Amino acid sequence: MSSAGRREADRPDSPGAARSADAIPAPAGLRPPVSDLVDVALPLPLDRTFVYRVPEGVSPPPAGGRVVVGFGRRRVVGFAVGPVAAAPAGVRVRPLLEVVDREPVLSASEIALAGWIARYYVAPLGLVLRLFFPPGGTYAVAEGEAAAPARAPERLHVLPADAPPAGEDLDALARAPAQQAVWEAARRLPGPVEQAAFCRSAGVSPGAVRALALRGWIRVEPRPVDRDPYADAPLPEPAPEGPLTEAQATAVAAIREALTGEGGALLLEGVTGSGKTRVYVEAVAATLEAGGRAIVLVPEIGLAAPTVARFRARFGDRVAVLHSGLSDGERVGAWRRIREGLSPVVIGARSALFAPVGRAALVVVDEEHDAAYKQDETPRYWARDVAVYRAALEGAVAVLGSATPALETRTNADAGKYARRVLPARIRDRPLPPVEVVDLAAVEMVAPGLSRPLVEAMESALGAGDQTILFLNRRGFSAFLQCLDCGWVAGCPNCRISLTFHRAAPRLLCHYCAHAEPPPTACPECAGRELDHRGLGTQQVEDAVAARFPTARITRMDLDTTGPRGAHARIYSAMTAREIDVLVGTQMIAKGFDLPGVALVGVVSADTALHFPDFRSAERTFQLLVQVAGRAGRGDVPGRVLVQTWMPRHPVITAAAAHDYESFLRREMVERSGLGYPPARRLANVVVSGPEESAVEAGAERVAKRLRGRGARGVEVVGPAPCPLERLRGRARWHLLLKSESAAALEWTLWELVGAAERLVGSSARLEIDRDPLDLL
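The paragraphs below set out a description of the structure included in this document. (Residues numbered from 1 in each chain as written. Predicted model: local features only at pLDDT ≥ 70, side-chain atom pairs only at ≥ 80, totals over all residues. Heavy atoms only, no water.)

A look at helix 1 (residues 108-120)
Reasoning step 1: Its 13 residues place the ends of helix 1 18 Å apart at the C-alpha level, agreeing with the 18 Å of an ideal helix rising 1.5 Å per residue.
Reasoning step 2: Of all 13 residues that make up helix 1, 12 are buried, and the element is covered over most of its length.
Reasoning step 3: Every buried residue belonging to helix 1 is among S109, E110, I111, A112, L113, A114, G115, W116, I117, A118, R119 and Y120, and all of these are buried.
Reasoning step 4: At the exit of helix 1 stands V122, carrying a positive phi of roughly 55°. (Helix = DSSP H or I, 4+ residues; strand = E, 2+ residues; numbered from the N terminus. Expected span 1.5 Å × (residues − 1). Buried < 20%, exposed > 50% of the residue type's maximum accessible area, 1.4 Å probe, protein only.)

Quick notes on helix 19 (residues 693-709)
Reasoning step 1: The terminal C-alpha atoms of helix 19, which comprises 17 residues, lie 24 Å apart, in line with the 24 Å expected from a rise of 1.5 Å per residue.
Reasoning step 2: Along its buried surface, helix 19 packs onto strand 31 (682-690), strand 32 (715-728), strand 33 (731-740), helix 20 (743-755), helix 21 (757-761) and strand 34 (766-771). (Contact = heavy atoms within 4.5 Å.)

A closer look at the sheet that holds strand 29 (residues 598-603)
Reasoning step 1: Taking strand neighbours across the sheet as the criterion, the 6 strands line up as 18-30-29-21-28-27 in an open arrangement whose pairing is parallel. Since the sheet does not close on itself, it has two edges, and those belong to strand 18 (435-439) and strand 27 (554-557), each with one partner. Ignoring strand direction, the axes of neighbouring strands in this sheet form an average angle of 20°.
Reasoning step 2: Bridging between strand 21 (residues 467-471) and strand 29 involves 5 bridges; their strand directions are parallel. Among the inter-strand pairings, T468 is bridged to a residue of strand 29, identified as L600.
Reasoning step 3: In this fold helix 13 (residues 452-463) packs onto strand 18, strand 21, strand 28 (582-585), strand 29 and strand 30 (640-645), with an angle of close to 160° to the strand it touches most, strand 30.
Reasoning step 4: Contacts between helix 14 (residues 538-548) and the sheet are confined to strand 21, strand 27 and strand 28, with strand 27 contributing the most and set at about 175° to the helix. (Pairing = 2+ DSSP bridges. Axes fitted to C-alpha atoms, helices over the stretch in contact; angles between N-to-C directions.)

Examining the packing of helix 8 (residues 276-289) against helix 9 (residues 301-315)
Reasoning step 1: Where helix 8 contacts helix 9, the axes come no closer than 11 Å and their chain directions differ by 40°. Seen from above, helix 8 lies across helix 9 with right-handed handedness. Residues T277, R278, Y280, V281, E282, V284, A285 and L288 of helix 8 pack against R310, F311, R314 and F315 of helix 9. (Left-handed = near helix turned anticlockwise from the far one by under 90°.)

Regarding unusual backbone geometry
Reasoning step 1: Across the junction of T378 and P379, the peptide omega takes the value -5°, indicating a cis bond.
Reasoning step 2: By the element assignment, P379 lies in the loop between strand 15 (362-366) and helix 11 (383-394).
Reasoning step 3: The omega torsion across P678 and P679 is 5°, close enough to zero to call that bond cis.
Reasoning step 4: On the secondary structure map, P679 appears in the loop between helix 18 (661-675) and strand 31.
Reasoning step 5: Despite not being glycine, R428 has its phi angle at roughly 60°, a positive value.
Reasoning step 6: By the secondary structure assignment, R428 is in the loop between strand 17 (419-423) and strand 18.
Reasoning step 7: Judged by its relative accessible area of 61%, R428 falls in the exposed class.
Reasoning step 8: Within the chain, R729 stands out as a residue other than glycine whose phi angle is a positive 55°.
Reasoning step 9: Here R729 is to be found in the loop between strand 32 and strand 33.

Some thoughts on the pairing of strand 13 (residues 319-322)
Reasoning step 1: Across the two faces of strand 13 the burial is the same, with V319 and V321 and A320 and L322 all buried.
Reasoning step 2: Where strand 13 meets strand 14 (residues 345-348), 4 bridges bridge the pair, whose relative direction is parallel. Following the sheet pairing, L322 is matched in strand 14 by G348.
Reasoning step 3: This β-α-β element, strand 13 to helix 10 (residues 328-339) to strand 14, shows right-handed connectivity. (Right-handed = clockwise from strand over helix to strand, strands pointing away.)

Below, the structure written as structure tokens:
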């Protein structure tokens, strides 16, 4: 990618700032096909493209279309970038092995979006283009193996023959009653019907169907089947909805006006329980009325089930679902339905942002502040900001919803870059639940994680037949295992962190690299047998609740319990049906769920993330506390929230207890500005990693020397220093922090660094760039 296209005009004024479509140039490097030589971007971590020859008699692939090429000893699917006039000198040009897409797959705006993501997030174009295709839609296989993208599952379907049988042929059916029943049922078919369903409804066997198909009177052919990902865990019926509140109606009117105008971005800031989802539903309805298509993003798979239930109740099978919990075939099937226009409403996690809608008229980002919208591998994009940029490209409307907006989002709204509409009160004027702060230094602990006030509150809720949520943002049974004789702590051999103890299938587990090992019976350092479990996890809290309340129906919701297919939807349905008394869980229960039966929320420890070594720790803690508190009191029973903490007077705790976003915002903005962190300044985290710590340190020093020696204009360089997670997945890690008030200056510096990366860090180390980082770990 040339630097000529990377200008200040190509950047939004701040992350996610909306701009008009005509102000954004087409991305450099994607050009109409007019040559027999074509540039190909490969879905590999390589910051360059490769030239291949289009075989004689084969039409050049469209820009962004998939092609199969030879790369080393492998067959790889890449993406056609555009024609080139001549091959690089001295390079043997290999032919394309196959053109997969002969018609354009990506729209012009989707191609432009891919180019912007590659430039802004300093990522290889091939890895970005891969985002626009379902898993299995791109592939890399060894030499000699067949290369075939994943397909939607197919099943036999029955449909009438093109020409009806003659009258004399029908007389023969009198001697074959089974075939006659097939014929009578088939001729009434309005269209293709899956064979198994046809046989059940007609009361016939597959053999009779095959016999009539051999006569040519009906057709039986394989056709794609769209499997319902929620078939195994039916979605609960949403509660009846009343009229819009005045604040909701005002927000919907603003979105409708933007849909019929020039689009733009809108922050929908509403307290928990104020009905933001209802506004999204009405916005989608307005979009469909105008013939447009909509994308609705939720931060986690767990939130997809209740959101899908709400939207399907209104729009039926026009809703498609895309997230990583689906099989490859299901995602390919959904992708096909979306592309063909059969499902103009797409709901899913961040990957749904790249659904093949062609042009999106509306993009909704629910819980826009959530960290799950940040991709943690290349390309490290923020789905929230990309959603706003996509809307700007396509003249669409981006709606960002939250009770606790990210500081960057609120800053854009305050600066006038986003419109802002507020939902200040809960539906039916229900009050926000009062929050009681429990000082853990001044109360009796009845059981692990359960103080006397919390236990008494649970007794009251259970006695009244109400539901309780207990929140602790740490899974497992205990945070670490320690020898009481010598102080040894079980650590991960690949990462410089302690291993978490999981008791269900006893093992010590690393939550970063997934290393697992059985817990020792004695200390490996001193042979001592006094090994103690330190730090609470959700498993230990669940056990403590079960011991204290033996008749209560208890369920745990974290990554360990939601692995099985449909687990999120089953737990949500069970909570809605009042089949669970106490739900213990991590952050996945802290947001989005509308559960009218929850009267009590207990935060087991508010301090878990507060002193994390990261500049966003205060913001993240505040958001989690407000969000989880908002699960209480959403029905007819008043809610109550207890927050257990060792720091009851900490400003973050007191602001969250008061549901006071504005005071938190003012204080945190002062802190961030003084330290030069976003949104006051732009940030990029440059990480050097490798197997040998000395080589990594030396490489990081060379990177810093080059940056300072070349005088990165308008960019402050901090470091290098070891990362907070000094070793991860077997690799030592050092980093540098780049700060700037200028997006263009930061971008120029990063791309200049990429060009010199191999010379600076060597072949054994790796340089990774995270622009607008979520954290600095």
